Amino acid sequence: MIKPLMRGAVPDITAAIGKTPIVRLNHVVEDLDSEIYVKVEYMNPAGSMKDRVGLNIIRDAEERGMLQPGGTIIEATSGNTGAGLAMVAAPRGYKCIFVMPDKMSQEKIDNLRAYGAKVVICPTAVEPSDPRSYYSVARRLVEETPGAFYANQYHNPANPEAHYLSTAPEIWEQTGGEFDAFVAGMGTGGTLSGCGRFFKEQRDDIKIVGVDPIGSLYYEYVKTGRLTKAFSYYVEGIGEDVLPSTMNLSILDDVVQVDDRECFQMTRDLVRREGIFCGGSCGAAVIGAIKYARGLKKPQRILVLLPDSAQKYLSKIFNDDWMRSNGFLDDDTTGTVAHLLKRQPTRVISIDDATSVRQAVSILKEHGISQLPVLDSAQRHCGIVSEIDLLNYLVQNEGGLDMPVRELVSSDYATVSPHTRLQLLKNIFNDAKVVLVTENDRLLAVLTKIDLIDYLASDSAV
Ligand SMILES: Cc1ncc(COP(=O)(O)O)c(C=O)c1O
């Protein structure tokens with residue numbers, strides 16, 4: 001006999017997902033005319049907005065017969081989706097195996113093991129197609145495990161659907177739709193695509209704004225349509241090195257780029273000045289929203305989704321030694337890209353994409369440089385051509401010297417802003433040969449390693 005439920009109780013922990021508060025920010029927004037409100041998703045039972053995703057993915061798999069009683073859920077996860085899946089799996093009796101990249105914090109790994117899940121750690125510094133990458137290992141485990149179900153948050157429509165069915169309607173009910181812009185970090189795109197779709201269906205003038213860390217490919221892809229090589233950064237949960245099919249970029253009105261240092265400083269401020277105990281991608285979303293607000297002509301109400309809690313980052317973002325050793329504290333004195341450009345003003349020599357190979361070679365020779373940024377017909381940069389691209393083309397002897405360089409444009413560069421710390425620029429040069437400095441979609445400079453070395457070796461470096 002099923003006993004009636006006690007008044008005030010829910011039948012199991014999964015029924016406690018959602019109904020998270022929306023809070024106004026009062027102290028970290030300083031002189032901003034716009035108002036910023038945050039949806040505090042760490043108040044979900046397993047500590048993040050991914051609880052909603054875990055529930056919807058499992059419910060959907062059960063309904064479609066892809067997950068049988070006693071089955072095993074496998075996922076490539078940076079932690080939160082794992083916790084959401086593990087929490088929902090526990091009362092339903094499923095087993096879980098999670099595959100994680102090695103840059104993830106120990107707290108996240110321990111958290112998943114606490115739910116009884118198996119955790120497999122893989123190297124971060126390999127291509128997604130490498131058999132050791134966490135995507136490849138997850139796929140292999142699915143093939144080898146009987147009764148396995150691959151949650152596949154990067155390509156499972158049940159991920160954005162979770163936000164379409166749960167997060168967004170909840171926000172709408174709480175606010176009555178009285179906000180102008182919705183801002184969230186860009187990971188799988190579940191949050192932005194699901195919420196974005198719901199909000200646009202209610203009112204298509206609501207702006208949907210993504211926040212992307214420097215090092216990830218989204219920003220450059222949205223701005224120029226080019227897939228550049230991603231390079232490493234520290235903020236967890238946002239940014240990608242391949243495009244997930246769960247990300248609907250067409251729903252975005254704007255993308256804001258942020259760097260690790262500003263994300264982590266804002267995360268600390270949110271905890272210390274607002275009392276909101278949130279994680280690193282929350283700092284990213286809020287600093288992204290502030291940058292977006294600064295570019296607005298009229299003050300607006302901006303709603304920002306804060307995915308998870310500070311608990312999982314105590315040994316990193318909230319540890320002074322870790323912050324200092326990575327150059328994220330105020331006592332980092334190496335300065336910013338703007339300092340470098342002030343001391344070593346560089347004239348940007350660019351070409352448009354109709355320029356012929358012959359003219360490009362002659363411009364490289366005339367200026368003694370090795371690469372040229374290329375601008376499209378709207379004068380936006382759309383990539384670079386380098387000596388090596390031209391050389392390969394000429395050796396293969398496929399076309400004439402009159403061919404437009406448009407055909408040879410490559411994506412082998414990284415983009416930064418004038419505010420990027422030189423400490424970070426140094427790390428970027430571990431992966432990228434050329435860095436383009438942009439601000440408000442305008443190309444300000446092209447930097448190579450030698451520019452940074454010259455600056456740091458000079459007496460006037462700050
Ligand atoms: C901490 C954190 N922030 C942000 C995100 C990005 O959310 P989404 O995958 O919905 O784009 C994730 C996703 O895993 C996350 O774990």
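Rules and cut-offs
Residues numbered from 1 in each chain as written. Predicted model: local features only at pLDDT ≥ 70, side-chain atom pairs only at ≥ 80, totals over all residues. Pairing = 2+ DSSP bridges. Helix = DSSP H or I, 4+ residues; strand = E, 2+ residues; numbered from the N terminus. Axes fitted to C-alpha atoms, helices over the stretch in contact; angles between N-to-C directions. Contact = placed C-beta atoms within 7 Å. Domains from an automatic or database assignment. Nonpolar A, V, L, I, M, F, W, Y, C, P; charged D, E, K, R; others polar. Near = placed C-beta within 6 Å.

Engineer: Got a minute to help me understand the sheet that holds strand 5 (residues 118-122) in this structure?
Structural biologist: Backbone hydrogen bonds hold the strands of a sheet together, and the pairing may be parallel or antiparallel. Read across the open sheet, the four strands follow the order 5-4-3-6; overall the sheet is parallel. A strand with exactly one partner marks an edge of an open sheet, and here the two such strands are strand 5 and strand 6 (148-150). Each strand axis lies, on average, 20 degrees off the axis of its neighbour in the sheet, ignoring direction. The strands that helix 2 (residues 80-92) touches are strand 3 (72-76) and strand 4 (95-101); relative to strand 3, the one it contacts most, it runs at about 170 degrees.

Engineer: Is there a simple way to think about the domain arrangement of the protein chain in this case?
Structural biologist: The accessible area lost on association of the parts is a frequent measure of interface size. By domain assignment, the protein chain separates into domain 1 (17-45 + 158-325), domain 2 (50-150) and domain 3 (337-457). Residue-level contacts link 15 residues of domain 1 with 18 residues of domain 3. For the side of domain 1 that touches domain 3, the elements supplying multiple residues, two or more each, are helix 7 (218-224) and helix 8 (260-274). Examining the composition of the side of domain 1 that touches domain 3, we find that four residues originate from one element, helix 7, more than from any other. For the side of domain 1 that touches domain 3, the class distribution of residues is four nonpolar, four polar and seven charged.

Engineer: Would you mind showing me how to read the site of the ligand here?
Structural biologist: Around the ligand sit 18 residues in total, of which G187, T188, T191, G237 and S281 are the nearest. Here the shell around the ligand is built from residues that sort into three nonpolar, twelve polar and three charged. When residues of the shell around the ligand are sorted by domain, at least three fall in each of domain 1 (17-45 + 158-325) and domain 2 (50-150).

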